[in-house]
Amino acid sequence: MVQADWRTATQIAGDVEAGRPVRVGLHSAIGHVLAQPVAALADLPAFPCADQSGFAVRGFGPWTVRGNGNPQEGDAAPITAGAAIPEGCDAVLPNSEALLEQGARFTHVSVGDPRTGQPARRAGELPLGYGVRQPQASAAKGDLLIKSGVRVSAGTAALAAAAGADDLTVIPPPTIAPVLRNGGLLSDGPPRRGKDRAVLATLAPAWAMMSGARSLPEVTAPEKPAALADAIDAAGGDIVLVTPSSSAETLDTAMAALKRLGATILISEIVCQPGGRTLYAELTDGRRVLCLPLDPSAAMVALATILTPALHALAGSPHLSRPAKAMLRRGVTGNAADRAIPVIIEKGELADLADPQPWSGPADLGPFSVADGIAFIEQGRGEAHESVSIVPIPGADTR
C-alpha cells in the first residue's frame, strides 16, 4: 500500500511536467500560460505620433485648420491619438487645449481653454515637439514586455498585438479521458430497483473541466480487468479518469487492470476521513491514471488532492494548487483522525473564516451546492478559531 496524507498526495500529484508548448493565435492563447516571453518586434512607437487627439500644427499660430495631409506654414491638421505626425509639423495641440474660432472661410485654432474660451498668454506658440510621442518612447525593439509563466488575459493579448506579435507560445490545457464504469449503477433518472445513480460519472469530468482541463469523449469500460486495461490503454489524454462501479471490489479490479499495463502505483490510499483507498498511477508512456473510490465524499477528496494539482501542474500553473489558510468559525468535534470537511469561506479584514458544512444529503454531496473549499483538519485539532488549510473547489464563487 502506498499511503499518503492529503499534503503528500497533493505533492505527488503535482510532480508532473507541464505539457509541450504550442504556438497559437492571440485569441486561442487566452487563458493559457505563456511558455515564452514576448518582446517588442519593433520600436514602439515606430514613428513620431500624436500623444492625444487634437491638431498637428506647423509654425506659429493661430493656425488655419485644413483637412489635407500636407500642412503648410501656419496650418493645422486634425489628428487622432497614435496617428503619424504629418511631415513638417512641429507639435500637436490637444483638443483639451484648443480654442476654435470659425472664420468666414476657414476655422482657426489657437492655444487656450475651450471650456472658458480664454486664450493662453502665447496663443500662437507651442514648444517644439509638444504632444508628440517619439520613437521608442514606449519600448525599443527587443525590449521584454511580457515574461513567461503568466496567464494570457485579454490585456496580455492586446499588449502582444501592440508589440507586433500575431501568435504566442503557450502551454496547452491538459486533457482528461473519462473511462466510465457504470456496472450496477444508473446512468440516468432517479435511483430505483436498488440501484443508485452513477454520480461520479457526472462529477469527475465536470470537476476536471472546472480545473481548466479539456475532456475527451467518455468511454464505457466493462468490469473485467483485461477489458478495463484495454480501455485505459486506448483512452488517450494526459490523465485517464476512471470512475467506479457499484462492486465492493471496484478498486481491486482497477488495480488488476493497472498491473496488466505495467503501471507504477503512486498512491493507493489517502489517509484521511473521508478518504481511504484511491488509486493514482503512472503508465509506461507517462500518462497518469486516477481511479476513484465508490464513496462520493472520498472521491471528492481524491479530486481535490490529486486531480486538480495534477491538472494545474500540466497546465504550467502549479501555484494555483497551493492551499489557502482560514480560521474555523466553529469547532469540529470527533477529530480522532485527519479530516476533510467542506467549508464556506467568508472574507475577513484580518483573516478569512471557514464555516464547516458537514457531509450530508444525497450521496453526502449536499454541502457542495454552497461550499467554497475543503478544509483539512489535523488529528486532535478542530477548535473554533484554529487555522486550517483550505483546498479550493474549482469554480466555487468564494465570498
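All figures in this text were calculated on a predicted structure; none of them were measured in a lab.

*Asks:* I'd like to hear about the overall build of the chain, residue by residue, with values.
*Replies:* Scanning the chain from terminus to terminus reveals six helices and 27 strands. Taken against the 2.2 N^0.38 rule, which gives 21 Å for 399 residues, the C-alpha radius of gyration of the chain at 31 Å runs more than 25% over that of a compact globule. In terms of principal-axis extent, the alpha carbons of the chain reach across some 95 × 50 × 40 Å. Taking all 399 residues of the chain together, 45% fall into the buried category. Of all intrachain contacts in the chain linking residues separated by at least 6 positions in sequence, the fraction that spans at least 24 positions is 71%. Of the roughly 19,500 Å² of accessible surface on the chain, 52% is carried by carbon and sulfur atoms. The averaged location of the 40 negative side-chain charges in the chain is 2 Å from the averaged location of its 33 positive side-chain charges.

*Asks:* So what about the pairing of strand S23 (residues 324-328)? Which residues, and what values?
*Replies:* A regular strand carries its side chains on alternate faces of the sheet. Across four bridges, S23 lies against strand S27 (residues 387-392) in antiparallel orientation. Within the sheet, the bridge partner assigned to Ala326 lies in S27 and is Val388. In this structure, S23 lies alongside strand S25 (residues 353-356), joined through two bridges in parallel fashion. Paired with Met327 across the strands is Leu353, a residue of S25.

*Asks:* Residue-level account of a positive patch on the surface, with values.
*Replies:* On the surface, a cluster of positive charge is made up of Arg192, Arg193, Lys195 and Arg197. Arg197 sits in the partly exposed class, given a relative accessible area of 31%.

*Asks:* I'd like a rundown of helix H6 (residues 296-314), residues and numbers included.
*Replies:* For H6, built from 19 residues, the straight-helix expectation of 27 Å at 1.5 Å per residue is met to within 8% by its first-to-last C-alpha distance of 25 Å. Of all the bends found along H6, the most pronounced is centred on Leu303 and spans about 40°. Where burial is concerned, most of H6 is hidden: 19 out of the 19 residues are buried.

*Asks:* Residue-level account of the packing of aromatic side chains, with values.
*Replies:* Given two aromatic rings, their pairing is described by the distance between the two centres and the angle made by the two planes. Evaluated as defined, the whole model comprises two aromatic pairs. On the basis of an interplanar angle of 15° and a centroid distance of 4.5 Å, the ring pair of Trp6 and Phe376 is categorised as stacked. Of this pair, Trp6 sits in helix H1 (residues 6-14) while Phe376 sits in strand S26 (residues 373-377), placing them 370 residues apart in sequence. Residue class for Trp6 comes out buried when judged on its relative accessible area of 6%. Using a relative accessible area of 3% as the deciding quantity, one classes Phe376 as buried.

The rules behind these values
Residues numbered from 1 in each chain as written. Predicted model: local features only at pLDDT ≥ 70, side-chain atom pairs only at ≥ 80, totals over all residues. Heavy atoms only, no water. Helix = DSSP H or I, 4+ residues; strand = E, 2+ residues; numbered from the N terminus. Rg over C-alpha atoms; globule rule 2.2 N^0.38 Å. Buried < 20%, exposed > 50% of the residue type's maximum accessible area, 1.4 Å probe, protein only. Contact = heavy atoms within 4.5 Å. Areas by Shrake-Rupley, 256 points an atom, 1.4 Å probe, with all protein chains shown as cover. Lys, Arg positive; Asp, Glu negative; His and termini not counted. Charge placed at Lys NZ, Arg CZ, Asp CG, Glu CD. Pairing = 2+ DSSP bridges. Patch = residues over 30% accessible without salt bridge, like charges linked within 9 Å, V, L, I, M, F, W, Y side chains within 5 Å. Salt bridge = Lys/Arg side-chain N within 4 Å of Asp/Glu carboxyl O. Expected span 1.5 Å × (residues − 1). Bend = angle between axes of the 7 residues up to and from the residue. Phe/Tyr/Trp six-rings, centres within 6.5 Å; stacked < 30°, edge-to-face > 60°.

These figures capture arrangement, not role.
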